[in-house]
Amino acid sequence: MADLNLGYKYGTRTIVQFAVDSAATFDSNDMVALDSDGYLIKAVSGSNVIGVAYDAHPTASGTDGATFVGVDVSQDSVYLFTAASVTQAMAGKTCDVAGSQAIDVTASADDCILIVRPLVALGQAEVQIRHVRAGVV
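Residues numbered from 1 in each chain as written. Predicted model: local features only at pLDDT ≥ 70, side-chain atom pairs only at ≥ 80, totals over all residues. Heavy atoms only, no water.

Aromatic ring pairs are reported here in terms of the distance separating the ring centres and the angle at which the planes meet. Taken as a whole and judged by the stated rule, the model has two aromatic pairs. Centroid distance Tyr8 to Tyr79: 5.7 Å. Interplanar angle 70 degrees. Geometry classified as edge-to-face. With Tyr8 in strand E1 (residues 7-10) and Tyr79 in strand E7 (residues 78-82), this pair connects stretches of sequence that are 71 residues apart. Residue classification places Tyr8 among the partly exposed positions, given a relative accessible area of 28%. For Tyr79, a relative accessible area of 2% corresponds to the buried category. Ring geometry for Tyr79 versus Phe81: centroids 5.9 Å apart, planes at 5 degrees, classification stacked. (Phe/Tyr/Trp six-rings, centres within 6.5 Å; stacked < 30°, edge-to-face > 60°. Helix = DSSP H or I, 4+ residues; strand = E, 2+ residues; numbered from the N terminus. Buried < 20%, exposed > 50% of the residue type's maximum accessible area, 1.4 Å probe, protein only.)

Next up on the list: the pairing of strand E3 (residues 31-34). A regular strand places its side chains on the two faces of the sheet in alternate fashion. Pairing geometry for E3 and strand E5 (residues 51-53), over two bridges, is antiparallel. Following the sheet pairing, Val32 is matched in E5 by Gly51. Joining the antiparallel neighbours E3 and strand E4 (residues 40-42) is a turn of five residues, in which Gly38 adopts a positive phi near 90 degrees. (Pairing = 2+ DSSP bridges.)

Note that all results are geometric; they support no functional claim without further evidence.
This is the structure:
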């Protein structure tokens, strides 16, 4: 279950509907990504996050694309997520995802997370999503 203290904090949201993977389940405020077929899944460590789920998807549909959920794809939205070993020096820097509500400040492969404000004493950070785009060919 998602931590209710984590998730959306402020900023302008842009909600876009995405087709969901047949086996996917996630809570609102979970980071989400697209699988290799273009269907929405819950983010895991190393995911290239597309955005943050606006709607919960608690039950798998069993069919790819049978359901759609809203995803905040805005780069203006600020979210609060867990950030183990975060330091003040990381403000303004990028890192990777550690899970659906956590960032990995020790990884820099995708750099899809921008650390806006480290909350060092809490082991959290306010962040923005910076989805790394790829061409279709």
